[in-house]
Amino acid sequence: MHELSIAQAIIDVATRHAEGRRVLRVEVQVGHLRQVVPDSLQFAFALVVQGTALDGAELAITHVPAAGRCRECGAERVMESFPLSCGACGSFDVEVLAGEELLVEALELEEDLLEKSRVSST
Ligand SMILES: [Zn+2]
């Protein structure tokens with residue numbers, strides 16, 4: 001399953017940044033061209049986090065639409081479907097500008113939460 005390796009990659013990055021702290025929430029950006037099914041990724045994530053510092057963490061997925069610039073006519077468009085083609089002239093010679101993202105954007109760590117609650121109680 002494609003999503004399983006993506007979930008594993010997310011966990012690897014998050015674990016490295018957490019440095020032993022518990023991770024409560026992970027925010028990721030996933031580009032359209034990754035062809036990730038959000039439900040499948042959630043499912044894979046829930047499986048792979050078991051026994052890690054991310055066990056029970058919430059996964060928040062932000063979908064990034066694919067966008068490209070046509071090398072024929074120069075049009076910049078959001079591209080919804082495969083094969084990628086220019087919405088203006090129909091050329092398949094497009095340069096991808098967005099949609100290949102697979103980024104761990106933010107982490108919420110247990111320590112951060114404690115910090116926050118301390119701030120709000122004063
Ligand atoms: Zn074009």
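These notes cover the structure that comes with them. (Residues numbered from 1 in each chain as written. Predicted model: local features only at pLDDT ≥ 70, side-chain atom pairs only at ≥ 80, totals over all residues. Heavy atoms only, no water.)

The strands making up a sheet are joined through hydrogen bonds of the backbone, oriented either antiparallel or parallel. The strand order across the open sheet built from three strands is 2-1-6, with neighbouring strands paired in mixed fashion. The open sheet has two free edges, formed respectively by strand 2 (58-64) and strand 6 (102-109), since each of these has just one partner strand. Across the sheet, the axes of successive neighbouring strands diverge by a mean angle of 15°, strand direction being ignored. Across seven bridges, strand 1 (residues 23-31) lies against strand 2 in parallel orientation. (Pairing = 2+ DSSP bridges. Helix = DSSP H or I, 4+ residues; strand = E, 2+ residues; numbered from the N terminus. Axes fitted to C-alpha atoms, helices over the stretch in contact; angles between N-to-C directions.)

Turning to the coordination of the zinc ion, a few remarks are in order. Every protein donor of the zinc ion is listed here as C70 (SG), C73 (SG), C86 (SG) and C89 (SG), and their distances to the metal cover 2.3 to 2.4 Å. On the primary sequence, the residues serving as donors to the zinc ion are separated as C-x2-C-x12-C-x2-C. With a relative accessible area of 43%, C89 lands in the partly exposed category. (Donors = N, O, S within 2.8 Å, 3.2 Å for Na, K, Ca; no water. Buried < 20%, exposed > 50% of the residue type's maximum accessible area, 1.4 Å probe, protein only.)

As a further point, take the pairing of strand 1. Direction of pairing for strand 1 relative to strand 6: antiparallel, over a ladder of seven bridges. From the neighbouring strand, E27 faces strand 6, where its bridge partner is A106. Considered for its hand, the β-α-β crossover made up of strand 1, helix 2 (residues 38-48) and strand 2 is right-handed. (Right-handed = clockwise from strand over helix to strand, strands pointing away.)

For helix 1 (residues 2-18), which comprises 17 residues, the first-to-last C-alpha distance of 25 Å matches the rise-based estimate of 24 Å (1.5 Å per residue) to within 8%. Of all the residues in helix 1, the buried ones are E3, I6, A7, I10, I11, A14 and A18. The arc that holds every buried residue of helix 1, seen down its axis, measures 135°, which confines them to one face. Next to the buried residues of helix 1 lie strand 1, helix 2 and strand 6. Looking one or two residues beyond helix 1, the residue adopting positive phi is E19, at roughly 50°. (Expected span 1.5 Å × (residues − 1). Arc of directions from axis to C-beta. Contact = heavy atoms within 4.5 Å.)

This part takes up the side chain of Q29. By secondary structure assignment, the location of Q29 is in strand 1. Within polar-contact distance, the side chain of Q29 engages the side chain of E105 at 2.7 Å. Beyond its immediate sequence surroundings of up to four residues, Q29 is in contact with T62, V64, E101, L102, L103 and E105. (Polar contact = N/O pair within 3.5 Å; in protein donor to acceptor, adjacent residues only side chain to side chain.)

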